[in-house]
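# A structural walkthrough
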Amino acid sequence: MTTETLLKNGKAAAALLAGGIGALVMGLLTTISEGVASFSTALNWYNPAGPLSGKTTLTVIIWLIVWAVLGKQWKDKDVDFDKIAMIAIILLLLGILGTFPPFFDLFKPAA
Amino acid sequence: MEVTFRESWGVLHGLIFGALFLLAFSGGIVGLYSLRPEFLTAEGLKERMGRLKVWVSSMAAVVWATVLSGTYIVYPWYRAKPAEGTTDLSTYPRSLLLSAENTAEWHKFGMEFKEHVAWIAPIAATVVAYVIVVYGPQLVKEPKMRKALMNFFVIAFTAAAIAGVLGAFITKAAPVH
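Residues numbered from 1 in each chain as written. Chains lettered and ligands numbered in written order. Predicted model: local features only at pLDDT ≥ 70, side-chain atom pairs only at ≥ 80, totals over all residues. Heavy atoms only, no water.

With that out of the way, let us pick up the pattern of salt bridges. Two side chains that carry opposite charge are able to pair once their charged atoms sit near each other. All names here are of chain A. Under the definition given, this model contains five salt bridges over all chains. Here Asp 105 makes a salt bridge to Lys 108, at a shortest N to O gap of 3.5 Å. Since its relative accessible area comes to 42%, Lys 108 is described here as partly exposed. Linked by salt bridges that have partners in common, Glu 34, Asp 105 and Lys 108 make up one network. (Salt bridge = Lys/Arg side-chain N within 4 Å of Asp/Glu carboxyl O. Buried < 20%, exposed > 50% of the residue type's maximum accessible area, 1.4 Å probe, protein only.)

As structure tokens, then:
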């Protein structure tokens, strides 16, 4: 007879929450770039692709850092998975909202 | 019949990588949904789990290939600025769309939405692939985890589908030659 060792849910919760935060960062960077021209210019890290290069690279960097930190904190823990999963989904949806032109256009300075 | 170098990249980005991710989604979501104790024998779980890990990891890789090729290869051709005084805008899709009132929204709404929302798909798909690979057969005993992963997967698909559909329309209105 063998006993099965179950993994704690912390690793999964960390991945989900970091994913939600990554999506939110993408939405925030998109919206702020539309509203603040100097911010958009600062994100022009690769001229052929323009500010999209900075927005996407910064998003991926922040997402991976958050994932690494949360993953380390929670790897051997059981956390409130339902609550964290719900927050992660909301953050994902907010991230999509931030990339929606009728939304980010609200923050564009008046011409 | 001729396909230019740029058109080949457009096809690779949208019709090969992008479409592959969207087509593979149904297999992934069904695989995830069916990880239920009442559906599986121990032998069946072993066989299915191996396939699902490869399937979702490949999907994550493909969606990364889609956004990276789109952002760093195809998009620079799309947004290239014509020299002053250029009258033929057919090789400058962004400028071509913005030059007419009835096509400008394809850029202002379509491309602006597509280029940003698409990046949410690889993030969400990577999370799904990671959790499936790490937790493996344990997911059969984790209905809440499976549900959260399915939600992430559906959102990844939705983001990719929005980008894909808008990309198809934009390419029809102003192709990258």
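The discussion continues.
Another aspect to go through is the confidence of the model for chain B. On average, residues of chain B score 94 in pLDDT, and 100% of them are at 70 or above. Among the scores for the predicted complex, ipTM is 0.95 and pTM is 0.95. (pLDDT = per-residue confidence, 0-100.)

Attention now goes to the environment of Pro 122 of chain B. With respect to the secondary-structure elements, Pro 122 of chain B resides in helix α5 (residues 120-135). Not counting chain neighbours up to four residues away, the residues in contact with Pro 122 of chain B comprise Val 63, Trp 64 and Val 67 of chain B. (Helix = DSSP H or I, 4+ residues; strand = E, 2+ residues; numbered from the N terminus. Contact = heavy atoms within 4.5 Å.)

Here the focus is the side chain of Lys 114 of chain B. All names here are of chain B. Within the fold, Lys 114 resides in helix α4 (residues 104-117). Although buried, Lys 114 forms no salt bridge, and the nearest oppositely charged side chain, Glu 115, lies 8.8 Å from it. When neighbours within four sequence positions are excluded, Lys 114 is seen to be in contact with His 13, Ala 163, Leu 166, Gly 167 and Ile 170. (Lys, Arg positive; Asp, Glu negative; His and termini not counted.)

By volume, the largest pocket amounts to about 780 Å³. Those elements that place two or more of their residues in the lining of the largest pocket are α1 (5-33), α2 (42-79), α4 and α6 (143-173) of chain B. Grouping the constituent residues of the lining of the largest pocket by class yields 23 nonpolar, ten polar and four charged. Reported here for the second largest pocket is a volume of approximately 340 Å³. Forming the boundary of the second largest pocket are 17 residues, of which Glu 34 of chain A together with Tyr 75, Arg 94, His 107 and Glu 112 of chain B lie nearest the centre. If you list the elements that add at least two residues to the lining of the second largest pocket, you get α1 (10-35) and α3 (51-74) of chain A together with α2 and α4 of chain B. If you tally residues by element for the lining of the second largest pocket, the top one is α4 of chain B, at five residues. Taken together, the residues of the lining of the second largest pocket break down into three nonpolar, four polar and ten charged. (1 Å grid on protein atoms, 1.4 Å probe; cavity = no way out; pocket = protein on both sides within 12 Å on 5 of 7 lines; lining within 4 Å. Points joined across faces, edges and corners; volume = space filled by probe spheres on them. Nonpolar A, V, L, I, M, F, W, Y, C, P; charged D, E, K, R; others polar.)

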